[in-house]
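Report on the structure
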Number of protein chains: 4
Amino acid sequence: MNRKELTDKYNAVRQQTEAICRPLETEDYVIQSIDDVSPPKWHLGHTTWFFEQVILEEFLSGYKRYHPEFYFVFNSYYESFGERVLRSRRGTLSRPLVRQVYDYRREIDRRMLELFESVEEPQLGELARLTTLGINHEQQHQELLVTDIKHILADNPLRPVYLESEDSVSTANVPDVGWVPFEGGLHEFGAAAPPFAYDNESPRHQAWVGGFRMADRPVTCGEYLEFIEGGGYKNSLLWLSDGWDTVQSLRWTAPLYWEQADDTWLINTLTGFRAVRPEEPVCHVSFYEAAAYAGWAGKRLPTEFEWELAVRFGAGKRLKGNFLESGRFHPAALDAEPPDNSRLRQVFGDVWEWTNSAYLPYPGYLREQGALGEYNGKFMSNQMVLRGGSCATPQSHIRDTYRNFFQCDKRWQFTGIRMACDV
Amino acid sequence: MNRKELTDKYNAVRQQTEAICRPLETEDYVIQSIDDVSPPKWHLGHTTWFFEQVILEEFLSGYKRYHPEFYFVFNSYYESFGERVLRSRRGTLSRPLVRQVYDYRREIDRRMLELFESVEEPQLGELARLTTLGINHEQQHQELLVTDIKHILADNPLRPVYLESEDSVSTANVPDVGWVPFEGGLHEFGAAAPPFAYDNESPRHQAWVGGFRMADRPVTCGEYLEFIEGGGYKNSLLWLSDGWDTVQSLRWTAPLYWEQADDTWLINTLTGFRAVRPEEPVCHVSFYEAAAYAGWAGKRLPTEFEWELAVRFGAGKRLKGNFLESGRFHPAALDAEPPDNSRLRQVFGDVWEWTNSAYLPYPGYLREQGALGEYNGKFMSNQMVLRGGSCATPQSHIRDTYRNFFQCDKRWQFTGIRMACDV
Amino acid sequence: MNRKELTDKYNAVRQQTEAICRPLETEDYVIQSIDDVSPPKWHLGHTTWFFEQVILEEFLSGYKRYHPEFYFVFNSYYESFGERVLRSRRGTLSRPLVRQVYDYRREIDRRMLELFESVEEPQLGELARLTTLGINHEQQHQELLVTDIKHILADNPLRPVYLESEDSVSTANVPDVGWVPFEGGLHEFGAAAPPFAYDNESPRHQAWVGGFRMADRPVTCGEYLEFIEGGGYKNSLLWLSDGWDTVQSLRWTAPLYWEQADDTWLINTLTGFRAVRPEEPVCHVSFYEAAAYAGWAGKRLPTEFEWELAVRFGAGKRLKGNFLESGRFHPAALDAEPPDNSRLRQVFGDVWEWTNSAYLPYPGYLREQGALGEYNGKFMSNQMVLRGGSCATPQSHIRDTYRNFFQCDKRWQFTGIRMACDV
Amino acid sequence: MNRKELTDKYNAVRQQTEAICRPLETEDYVIQSIDDVSPPKWHLGHTTWFFEQVILEEFLSGYKRYHPEFYFVFNSYYESFGERVLRSRRGTLSRPLVRQVYDYRREIDRRMLELFESVEEPQLGELARLTTLGINHEQQHQELLVTDIKHILADNPLRPVYLESEDSVSTANVPDVGWVPFEGGLHEFGAAAPPFAYDNESPRHQAWVGGFRMADRPVTCGEYLEFIEGGGYKNSLLWLSDGWDTVQSLRWTAPLYWEQADDTWLINTLTGFRAVRPEEPVCHVSFYEAAAYAGWAGKRLPTEFEWELAVRFGAGKRLKGNFLESGRFHPAALDAEPPDNSRLRQVFGDVWEWTNSAYLPYPGYLREQGALGEYNGKFMSNQMVLRGGSCATPQSHIRDTYRNFFQCDKRWQFTGIRMACDV
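Heads up: these notes are all about the structure in this document. Within each chain, residues carry numbers counting from 1 in the order of the written sequence. Ligands are numbered from 1 and chains lettered from A, in the order in which they are written. With pLDDT at 70 or above as the cut-off, local features in this predicted model cover only qualifying residues; side-chain atom pairs require 80 or more to be listed or tallied, and sums for whole chains, interfaces and linings still use all residues. Side-chain calculation: all heavy atoms of the structure are included, whereas hydrogens and water are not.

1. Some remarks on the overall build of chain A
Rules: Strands are runs of DSSP state E lasting at least two residues, helices are runs of H or I lasting at least four, and both sets are numbered from the N terminus onward. C-alpha atoms define the radius of gyration in this analysis, and the globule rule sets the expected value at 2.2 Å times the number of residues to the power 0.38. The contact criterion used throughout is that any non-hydrogen atoms of two residues lie within 4.5 Å. Here the accessible surface of atoms and residues is derived via Shrake-Rupley with a 1.4 Å probe, and residues count as covered only by protein chains that are part of the display. Positive charges come from Lys and Arg alone, negative charges from Asp and Glu alone, with His and the N- and C-terminal ends not counted. We put the charge of a Lys on NZ, of an Arg on CZ, of an Asp on CG and of a Glu on CD.
Counting secondary structure elements, chain A contains 9 helices and 12 strands. Taking 2.2 N^0.38 as the reference for a compact globule, 423 residues should give roughly 22 Å; the C-alpha atoms of chain A span a radius of gyration of 22 Å, in line with that estimate. For chain A, restricting intrachain contacts to residue pairs at least 6 apart in sequence, the fraction spanning at least 24 positions comes to 79%. Approximately 16100 Å² of chain A is accessible, and the part contributed by carbon and sulfur atoms is 50%. Within chain A, one finds 45 positive and 60 negative side-chain charges whose respective centroids are separated by 1 Å.

2. Side note on the interface of chain A and chain B
Selection rule: As a working definition, buried area equals the accessible area (1.4 Å probe) given up by two parts on being put together, with both sides summed. Salt bridge criterion: a side-chain nitrogen from Lys or Arg within 4 Å of a carboxyl oxygen from Asp or Glu. Counted as a polar contact is a pair of N or O atoms within 3.5 Å, where, for protein atoms, one must be capable of donating a hydrogen and the other of accepting one, and residues adjacent in sequence contribute only when both atoms are in side chains. Residue classes follow a fixed rule: Ala, Val, Leu, Ile, Met, Phe, Trp, Tyr, Cys and Pro count as nonpolar, while Asp, Glu, Lys and Arg count as charged, and any other residue, Gly among them, counts as polar.
The partner chain B presents 30 residues to the 30 residues of chain A that form the contact. Roughly 2600 Å² of surface becomes buried between chain A and chain B when both sides are summed, with 57% attributable to carbon and sulfur atoms. The largest per-residue losses of area from chain A upon contact with chain B belong to E27(A), R95(A) and L158(A), which jointly make up 26% of the total buried on that side. Run the count over chain A and chain B and you get 6 salt bridges. Notably, a salt bridge pairs R99(B) with E25(A), separated by 3.0 Å at the nearest N-O pair. Linking chain A to chain B there are 14 residue pairs in polar contact (both at pLDDT 80 or more). Going through the elements one at a time, α3 (70-73), α4 (98-118) and α5 (121-154) of chain A are the ones with two or more residues in the side of chain A that touches chain B. A total of 3 residues in the side of chain A that touches chain B trace back to one element, the largest contributor, which is α3(A). Tallied by class, residues from the side of chain A that touches chain B come to 14 nonpolar, 8 polar and 8 charged.

3. Details of the pattern of salt bridges
Condition: For each residue, the accessible area found with a 1.4 Å probe, counting protein chains only, is set against the maximum for its type, and the residue is called buried under 20%, exposed over 50%, and partly exposed in between.
Under the definition given, this model contains 136 salt bridges over all chains. We note a salt bridge from E57(A) to R65(A), for which the minimum N-O separation is 3.6 Å. By relative accessible area, E57(A) is classed as partly exposed at 25%. The residue R387(C) makes a salt bridge to E308(C) at a minimum N-O spacing of 2.9 Å.

4. Observations concerning the relation of the copies chain A and chain B
Quick note on the threshold: Least squares is the method used to superpose the copies, on C-alpha atoms of residues holding a pLDDT of at least 70 in both.
Mapping chain A onto chain B is achieved by rotating through 180° and translating by 0.0 Å along the same axis, at an RMSD of 0.0 Å. Taken together, the turn and the small shift mark the pair as related by a two-fold rotation axis. Considering only C-alpha atoms, the part of chain A nearest the rotation axis is E27(A), at 3.0 Å. Comparing contact sets, 100% of the residues at the interface of chain A also lie at the interface in chain B, consistent with an isologous, same-surface contact.

5. A short note on the packing of aromatic side chains
Using the following cut-off: Pairing of aromatic rings covers Phe, Tyr and Trp, the last through its six-membered ring, and needs centres within 6.5 Å; plane angles under 30 degrees mean stacked, over 60 mean edge-to-face, and all others mean tilted.
Applying the stated criterion across every chain yields a total of 160 aromatic pairs over all chains. Ring plane angle 80° and centroid distance 4.9 Å describe the contact between F70(C) and Y104(C), whose orientation is recorded as edge-to-face. In this pair, F70(C) is assigned in helix α3 (residues 70-73) and Y104(C) in helix α4 (residues 98-118), connecting sequence segments 34 residues apart. Of the residues examined, F70(C) reaches a relative accessible area of 3% and is grouped as buried. Ring geometry for Y77(D) and F379(D): centres 4.8 Å apart, planes at 85°, overall edge-to-face.

6. Description of the side chain of T246(C)
If you trace the backbone, T246(C) turns up in helix α7 (residues 241-250). Polar contacts involving the side chain of T246(C) include one to the main-chain carbonyl oxygen of D242(C), which spans 2.8 Å.

7. Regarding the sheet that holds strand β9 (residues 384-387) of chain A
Residues and elements named next belong to chain A. Keep this limit in mind: Pairing between strands requires that DSSP locate at least two bridges from one strand to the other.
One open sheet accounts for 4 strands, arranged β10-β9-β8-β11; its pairing is mixed. Each of the sheet's edge strands pairs with one partner strand only, and the pair in question is β10 (404-406) and β11 (415-416). Looking at chain direction, strand β8 (residues 352-358) and β9 are connected through 3 bridges and run antiparallel. Each residue of the ladder has a partner; that of W354, found in β9, is L386.

Following this line, the structure appears as structure tokens:
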């Protein structure tokens, strides 16, 4: 990547982040509605801190920090970088002010752009490598910004709307799910060297996958409603033991953001509070709900290897989809295109798809040295892998081998269900 | 009270509240740093809701609420008025926005002023009675605004200052504490009918108080430091059992807002972070600390009856003092006036004084009927009485018979210590 | 007290304790069903440790402890005596075995009896004083043994019965409650010097009590049922704020040990599980329930001074009653004796009566020096006073001035309700 | 299996269980020292209930339950079989008494033996199948009995010893760890049909495993001490994120049962409290500790497939080992046998070996129908697989394909560490 490309990419991602925040009021930037959610201004500051801490501090000798306390306020989980504000207390900080955080962004951007110009040629490669990581990091936080803003607003009794939108309702019926068959065999999985991929996608390695079939589309709200109305949330035998405990202690009766009013189910979206649309992919379900639904339907969730294989061979024009850039901020019903039995649809975008694979290192996995070794590797316990991105994922951020991961009970991301079954 | 007086008093208190908030940034209005603290904008809205719910709703037939959800958002603890936002979740609400809350104030003020003019003469008495309650209610929240703002800012790693102030340091030494003797006897306590007092100060009733002596001033930071340095926080035998549990579980080693840096003790105030001044009254201590200190000093806390008696007979120019109106926002060292052995000083203002009396009904106490019966009476368990007001109390709000009350472990109010002893 | 009397009293109380445990199986001795409850074998050991720690250790120079770890295992809350097993973990100790605890009792008894004989005359007074304290301490634990055994057995799905008993049902109707009037005035309260009383009953002191009326008997189960059926547990306005929180978080719908089966209310007693008897005094209610009931009935709870005064002037043959010695282990319906409007009944025994007085020191109260200062004084916060003893109190343990105390939410003691009202 | 074999196997396992309990006192049977631990008498009853509920109830029409409440008391986690005592409250039950539980065992044994004789030939196969499951179930509880008894006794301040033992100390030095190489390839894993295996070991299926090397013995206490003394518990970068949180919140500084006294490390074992022996395999470490140790040593944990493969090809006389039957109840130092570079030692018995594989279904896994489907499948989230059995595992219970599983933070089982590395 040359200096120009680097600068352009950097600028693009930084502007995208701020565009997401444009509809917010100052007060919205400060709120942490649950521990999982961070205040938007924290995301704005943290992504900036990442460039300052990981790049400016490294490349500029005698670097003078923008503000001594920002390293404390905006560190997320890097033990290597010292103490930090307790995650659950990010919403107790009125300062730095929103405008001060934007000032911080301005100044770090200025320093970064200057560095892109001034860096010596031999260091350009490493600078590009780390900047690419920073850009990808900021893209991850773009998705979190969308999901956190959604939670902050949906949690509010005044039901504020993020964006008014002419959200056209699909009238087409969603076709019955089709089952695309895949032969088993010994295949390679994970990311080969370039272009950019996270360390957790490496090394590319062989694994054996038996024959299987994959649903050609995600489960819809209409299908999920049958599970609810069939007593799915009341039948312990459908659930993993931990899942059943969660259902009971949190009193789940439907996906997050669903509310029952009289005879209809309503749903809170970033573009308003309205009726559940049966044709849309169900989202905001936990792994427990995804697994329970699949079992109830007589199917199962795919492994991450099945998913990757199916996408490689059955996904067609792969990176078309409903991403962050669509501005829709909600999964879309399957478009009118005629179904094609040999082809998976909506594999990228719309909803992250829970797999039945635990988030563990690939054979031969090596953590990056130093602080960046904390980026991914230390989370490899008690989480499940999700694949495919969502309507809040930037399009350029997703790929076949991308491994997202969350704990089994998390629901505030755009997480949905694609089922698999044995041949 | 005539219409003019009513209007003037109403306007004065409403403006005072907003004056307290003037130094705040928008972000500061939204924060709830701990459960005890409410976001400033919530106080602004809640005091306004009180007038709307208790007065406008009552006096104007067919009254149309300003906003249907505000009754849910701004109710504090009145079960009679229906559901409300969980106290601990007040800090998760970005909406209504700060400017919307100010709009709300404007409009309710307009309606109240209109009502003062238009109310029929026969109803004026009741309107004045309820408005007076609303004004006193708002004054209570003025004090809470000050203490909550203090906590919100002090909790922030950037150490924002509420008000820069030329906080003159007293150079005079504080004289040794003097012990003013009072004879016992049968006396009357509590509020006689007019002017305004809360129901919990009634009825005026007899009680027997034995002879006692009362300290002529509150305990100072310097004196309290001796307790700390003498191992006060490490000696279980000085503490009530519940107090010792609290010291250990919350790891208390000094009053709230004190921090030890090398060899000095620093203190966080609304006007900045600076050294502890030995001559100032100690504040932000819990009942447990007050009782432990007094025991360590070989003394005890007064009962609320001793306090009231001592003030009646020994307080001289009683309502002079360091109140909210002084704009100091911190207890002041005793002024230069020569001590006078027969006279208590600093009884009003500066710091609330913990008594060793539980907050319980006076003999013959009757709760107000209806929702206002929830104002005071339902808190008559597990709390201790405090007397005298603080540097955050509006001067016109305090009186001899005023009974403030908090749980034994609370420290975020300006609470201090005046000791008593037997003859 | 001479040596003989001391020996006899000591032996009597020690045997009484073991008699209470006689119906237990080995397994019953080990259980801690909730944090408030201690395993019976712990009570057996703790009361013995008290004599060893407070007396033998003091009087015998070079005293050799029975077992080094017993000081750790059997200390209850005396910080002065060093570390101890966490209260909530008493039920995790299988050792010392029950028979080892009885061996411990045997040996300490032997040493105590020897000391009674061998102590020098000048020390006899102090020995008698401390032994009397130890005896009273053991009597308190006798009551706790009864209530803890009740909880341990009642909590068991097999519903074991402590004692089969020919529990004769009263057929007489309970007369309507009568209201005995008392004139107010300045009176003395608390214990005068001899005979034995706890430090918290001292000093005897004056207090003014206004005129009042006192119910001539405790509230019955039948009366309390009306409160339940009238929606008492569903109406927040009847409750103290802390009480209402407790009702909701613990889902209380009736007193402890009550269960609803079809249309009847059943009750778990030490002599079996059977129907609620409307004529018996209600018991196992918290302070919150007592206060809510009284308010619902248009009355209130008495203060501890009203109670003491009423008993002094209106209780007739005072120490007759249904105590531990009756072997009934449950409050009894009012006996057939004709009511007498000038006289309170059932003031001693049957049920402890919640007062509306907080447990605080009397004017001039002095804690005992040293470790015994921890006996009572350190609990003087967040508790309410109860008076009169219960069906689990040893008869010789109770007196007019006795102050029992528990937190407002405790229900596992035999606690009931006697109401008062203004004239 | 014929009737005779069935009877013999049944009798053998039932006697083995009771033999484990023989050294206990009655009081020991009742204790639940932490939530993970069940009282020994509960294990005795629960294993018996399993036969009654799963077999007698099925095979005998009109079967009359031994005791109606035992189905409630002794159900562990089978939702299909109705309500049950909350797991954390098993230690609050004094009844049924220990002798009543033994009576229950006697009677169910009598009924089972009678059934073995009387069952019709066509049903014998199914009876043998379910009895085998019940026998294996009881063997699992034998291991839990040992570990739970260990915890109950070790938690006691009197330090009771389960069994006095002439625990000969090995004098031999443990040889340096050797690394046995294994070639990768496509292999079959899991249990083929007969003999008995759990459903979670099926189906036998292919998987690809790359080349790797496996340590020829488990990590010793001496090696683990170097980790401790090298600051292992203080360096966040060695730990998984969840692991580091656990270390900090539970204040771990060493394996469970280790205590530091002056300069030595002591260890609590079932045969007494004594110095840590450097040559013994370290045990009572969590997955987090195992993973942190391996990372610190520059190695990693094996996957469960690597482990199974290594054992298949490199374990020699496989089922020799230090099992429950040895009566040692503690892992043993490597015996004097000369090391053999091509061979793994101590793969079975001594300590369970944490793998880096999550406990998930094998491809094509089918839960058993009905209640027995709750046996294994519902636990397939948030747990890691352990292999090889321990010194508390019955020898006949373990096999190559056996998958044990626990949450990452559990330490009260005999869990240890065998490392692997890449070629």
